Amino acid sequence: MAYEGARLITGLPAAPIEDAVLLVADGVVTAVGARGDLTPPAAARRVDLSGRTVMPALVSLHGHVGFQDGLSYAAGNYTRANIIDHLRRYAYYGVGTIVSLGTDAGDAAFDIRDEQAAALPATARLRTAGRGLAAPNAGPGALALRGSAYGVTSAEQARGYVAELAERAVDVVKIWVDDRGGTVQKLDPVFYRAVIDAAHARGLRVVAHVCYHDDAWELVRAGVDGLAHLVRDREMEAALIAAIAERDVFVMPNLGVSERRLHAGAPGWLDDPFLAESVPAAVRRRAADALRAQAGDAPGARQRYAWMERSLEQLAAAGAQVVLGADSGVRDHFFGYAEQRELELMVAAGLTPAQAIVAATSRAAEILALDEVGSLAPGKSADFVVLDADPLEDITNTRRIADVYLRGARVDRAALRAGWAE
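Let me begin by describing the structure that accompanies this report.

What counts and how
- Residues numbered from 1 in each chain as written.
- Predicted model: local features only at pLDDT ≥ 70, side-chain atom pairs only at ≥ 80, totals over all residues.
- Heavy atoms only, no water.
- Core = buried A, V, L, I, M, F, W, Y, C linked by side-chain atoms within 4.5 Å.
- Buried < 20%, exposed > 50% of the residue type's maximum accessible area, 1.4 Å probe, protein only.
- Helix = DSSP H or I, 4+ residues; strand = E, 2+ residues; numbered from the N terminus.
- Contact = heavy atoms within 4.5 Å.
- Salt bridge = Lys/Arg side-chain N within 4 Å of Asp/Glu carboxyl O.
- Polar contact = N/O pair within 3.5 Å; in protein donor to acceptor, adjacent residues only side chain to side chain.
- Expected span 1.5 Å × (residues − 1).
- Arc of directions from axis to C-beta.
- Pairing = 2+ DSSP bridges.
- Axes fitted to C-alpha atoms, helices over the stretch in contact; angles between N-to-C directions.
- Left-handed = near helix turned anticlockwise from the far one by under 90°.
- Nonpolar A, V, L, I, M, F, W, Y, C, P; charged D, E, K, R; others polar.
- Phe/Tyr/Trp six-rings, centres within 6.5 Å; stacked < 30°, edge-to-face > 60°.

1. Quick word on the nonpolar core
Inside soluble globular proteins, nonpolar side chains tend to come together where they are buried. Counting 108 residues, the largest nonpolar core has Leu133, Val173, Ile175, Ile244, Leu255 and Leu315 as the members making the most contacts within it. In terms of residues, this core owes the most to one element, helix α5 (residues 189-201), which gives seven residues. In this structure, Ile244 is in contact with Val220, Leu227, Met236, Val249, Val251, Leu315 and Ala320, ignoring residues within four places of it in sequence. Listed in part, the 17 residues of the second largest apolar core include Val59, Ala228, Ala365 and Leu370.

2. Quick word on the pattern of salt bridges
Evaluation of the coordinates by the stated rule reveals 26 salt bridges. The partner of Asp114 in a salt bridge is Arg113, and the shortest N-O contact between them spans 3.3 Å. Overall, the relative accessible area of 14% leaves Arg113 in the buried class. Three or more residues are tied together by salt bridges with common partners; here these are Glu259, Asp272, Arg341, Glu344 and Arg399.

3. A few points about the environment of Ala317
Locating Ala317 in the fold gives a position in helix α11 (residues 298-317). Sequence separation between Ala317 and Ala118 is 199 residues; the distance between their C-alpha atoms is 42 Å.

4. Brief notes about the environment of Arg146
For Arg146, the position within the fold is in helix α3 (residues 143-146). The spatial distance from the C-alpha of Arg146 to the C-alpha of Ala134 is 10.0 Å, given a sequence separation of 12 residues. Ignoring any residue separated from it by four or fewer positions in sequence, one finds Arg146 in contact with Asn137, Ala138, Gly139, Pro140 and Gly141. Within the structure, Arg146 has its side chain in polar contact with the backbone oxygen of Gly141 (distance 2.7 Å).

5. Examining α11
Given a rise of 1.5 Å per residue, 20 residues ought to cover 28 Å, and the 29 Å separating the end C-alpha atoms of α11 matches this to within 8%. For α11, the complete set of buried residues consists of Ala298, Ala301, Tyr305, Met308, Ser311, Leu312 and Leu315. The buried residues of α11 occupy an angular sector of 155 degrees when the element is viewed end-on, so they sit on one face. The outward face of α11, more than 90 degrees from its buried face, is lined by the exposed residues Pro299 and Ala317. Contacts from the buried residues of α11 go to α7 (238-246), β17 (250-252), α8 (255-258), β18 (321-322) and α12 (337-348).

6. Observations concerning the sheet that holds strand β6 (residues 53-56)
Spatial strand order, β2-β6-β19-β20-β21: five strands in an open sheet with mixed pairing. Across the chains shown, the open sheet's two edge strands, defined by having one partner strand only, are β2 (7-8) and β21 (409-410).

7. As for the packing of helix α4 (residues 155-167) against α5
Helix-helix packing: each pair is described by the crossing angle between the helix axes and the interaxial distance. At a minimum axis separation of 8 Å, α4 and α5 run at an interaxial angle of 35 degrees. Our pair here, α4 against α5, has a crossing hand that is right-handed. Within the contact between the two elements, α4 uses Ala155, Ala158, Arg159 and Val162 and α5 uses Val190, Phe191, Ala194, Val195, Ala198 and Ala199. Across the contact of α4 with α5, the residue classes break down as nine nonpolar, no polar and one charged.

8. So, the packing of aromatic side chains
Applying the stated criterion to the full structure yields 13 aromatic pairs. Here the aromatic rings of Tyr3 and Tyr405 are separated by 5.3 Å at their centres, their planes lie at 65 degrees, and the arrangement is edge-to-face. Remark: Tyr405 occurs in strand β20 (residues 401-406) and Tyr3 occurs in strand β1 (residues 2-4); sequence separation between them is 402 residues. For the pair Tyr3 and Tyr405, one class covers both residues: buried. Ring plane angle 80 degrees and centroid distance 5.1 Å describe the contact between Tyr92 and Tyr93, whose orientation is recorded as edge-to-face. Tyr93 matches Tyr92 in its accessibility class, with the two residues each being buried. What links up through ring pairs into an aromatic cluster is the set Tyr92, Tyr93, Trp269, Phe274, Tyr337 and Trp420.

9. Focus: the sheet that holds strand β11 (residues 125-128)
Backbone hydrogen bonds hold the strands of a sheet together, and the pairing may be parallel or antiparallel. A sheet is described by the order of its strands in space; here three strands give the open sequence β7-β10-β11, paired in parallel fashion. Only two strands of the sheet have a single partner each, and these edge strands are β7 (58-63) and β11. Sheet twist, expressed as the mean angle between neighbouring strand axes with direction ignored, is 20 degrees. Sheet topology places strand β10 (residues 95-100) next to β11; four bridges connect them, and they run parallel. Along β11, the bridge assignment pairs Ile98 with Leu126. Helix-sheet contacts for helix α1 (residues 80-92) involve β7, β10 and β11, and the interaxial angle to β10 is about 135 degrees.

Honestly, that's just the spatial picture; any functional story needs more than this.
Structure follows, in structure tokens:
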């Protein structure tokens, strides 16, 4: 296959290729270049993409699959069929890889991960942290997710849980270090240091859900590899930002989740036809309630969000490794669309569209050694999105999707829409 004539964004920190040729064989990119420099083989089937933009499919390092089914959000929804449906929703919105971060108990996610390349077309690649670790009953905030985390009560137990995760070949280890506003116990530093040391001894990286500035500092000192969420109790101080950059700690802003409670009314994007293609009106109406500010809460929410925006801008300026993670899959935080919204919020906070795209493609893949994905280069999987407009000019153009290709195969988005409508 030879895809010709588009402006091609490789996902790497380099200028796009104008009037490009993208060659694909057996689901793998074989060559990329300008049309004048790269001639397709005579036998290639040629696809004219003139006037369009091609970019890699998104790589998101923070999601939670399996729990939402329409208006229901419950542990009982966590089934193979529902996970596969969620992976198709990610694919529909141009997300080629999703890391399910710490809420996958049992075998379903691992089984799907191991078989999907051969048996499950039109699904985003699933990578998983298996079960995350927290203080007892103090992991995910939602009750439906709470039972999926290990409860840690000793350093020895923490090391044992990491060994179990390593046996299952998890892609990353997740910990929660948060007291949920004083309502639960926080994971003891002695225990999370044991997790970090045991994971590193097995070649695994550790990402921490964090809320408070002081906890982020202690986690960075302890050698954590990544932070899921910016701190939310204050703006990040310069010394912490410098330490994050110097130690190559990656950061997922997760701005979209913190956008909740900011709005006086329902935000306009809930009426986006692009969102309505996969989310019924009743679910969007309920989401409006979650996003609407409660009496007296809005000023505090706006202050916290402003701290996060300034922290993100300063992290990017310091050269820290900012990556895409939207926390999609928490209730009414929609699979794939949340990643698209997160890109918009990252740019609004001060990143350029080019920086946001790198954060959401090649850098996110590199962080977890997802070697097949993240950029359009020889040897990479042919996971790419064809757009009707250029996201380097306006980041929201990543939503103007003409086609999605995963592992070289075109995703039948019209069929997916029809199935969801039924």
